[in-house]
Structure formats: C-alpha cells, structure tokens
Amino acid sequence: GVSLQRAHADAQRRVTYRLAGTTLHREIDGKERAILHGVTALDWRFATADGKWQNAPPAGENDPRPRAVELTMQLVPESQGAGGRYRQMIELPEK
C-alpha cells in the first residue's frame, strides 16, 4: 500500500490505500473502508521536483512535495461494465 499526507482544513491527515485481494481499501484517521472491488493490480508513481518518476512517495519531512501522482489500476471485467487498465495522473499544486 501507499500512505499519503492530505491537507484538510487546518490539519494534515494521513491517507493510506492498500489492495487486499481484489478490493481497494482506503484508511483515514484509523477508519478503513473498501472503496472499489475488482482491482487486480495497483501501481503508484510520483514525479519529483526535477520531473523524474519514482515508485515511492517522498519519505522525509525535508523532501520536496511531488509535482504529480500517477495511479494505474487493472480492473476485472464486470458482467455489465468494462474492465481493463485505468490510469489517472494528478498534478499537485505548489504550496
């Protein structure tokens, strides 16, 4: 899984995503819930300040914030829906 810091109001929250079997889970403030079923693979990439991609988020408090986050999921085809590969890249605003 991967843990990220997310700004919420006046505080920072740790949000953790993990894949258990074919179910994607999200945990916020110690409360975990299933958010998507039928996920067979989950990959994260993080763009560094110099534009290079790495597979882990910055670990230290002094590390610069990533410029972008990319999520790639492989989804199982449903009886009435499409499966396949889903890719989303999110550019993060500067502080």
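Owing to the predicted nature of the structure, the values given are computational and were not obtained by experimental measurement.

Caption draft 1: Quick look at the environment of Asp63. By the secondary structure assignment, Asp63 is in the loop between strand E6 (53–54) and strand E7 (68–75). Look at Asp63 and you get partly exposed, because its relative accessible area is 38%. C-alpha separation for the pair Asp63 and Ala49, spaced 14 residues apart in sequence, amounts to 9.7 Å.

Caption draft 2: Summary view of the packing of aromatic side chains. Applying the stated criterion across every chain yields a total of two aromatic pairs. On the numbers, 5.4 Å between centres and 40° between planes, the contact of Tyr17 with Trp44 is tilted. Residue Tyr17 is found in strand E2 (residues 11–20), and its partner Trp44 is found in strand E5 (residues 39–47); the two are separated by 27 residues along the sequence. Of the two residues, Tyr17 and Trp44, neither departs from the other in class, the shared state being buried. With centroids separated by 6.4 Å and ring planes inclined at 10°, the aromatic side chains of Trp44 and Phe46 adopt a geometry described as stacked. An aromatic cluster of three or more residues is present, and its members are Tyr17, Trp44 and Phe46. Residue placement shows Arg45 over the ring face of Trp53; its charged tip is 4.5 Å from the ring centre.

Caption draft 3: Region of interest: the pattern of salt bridges. Tallied over the entire structure, the rule returns three salt bridges. Put simply, Glu32 and Arg18 hold a salt bridge, and the shortest N to O gap is 2.7 Å. Residue Glu32 is located in strand E4 (residues 31–37), and its partner Arg18 is located in strand E2; the two are separated by 14 residues in the primary sequence. The partly exposed category is assigned to Glu32, whose relative accessible area is 36%.

Here is what the cut-offs are and how they apply
- Residues numbered from 1 in each chain as written.
- Predicted model: local features only at pLDDT ≥ 70, side-chain atom pairs only at ≥ 80, totals over all residues.
- Heavy atoms only, no water.
- Helix = DSSP H or I, 4+ residues; strand = E, 2+ residues; numbered from the N terminus.
- Buried < 20%, exposed > 50% of the residue type's maximum accessible area, 1.4 Å probe, protein only.
- Phe/Tyr/Trp six-rings, centres within 6.5 Å; stacked < 30°, edge-to-face > 60°.
- Lys NZ or Arg CZ within 6 Å of the ring centre and 35° of its normal.
- Salt bridge = Lys/Arg side-chain N within 4 Å of Asp/Glu carboxyl O.

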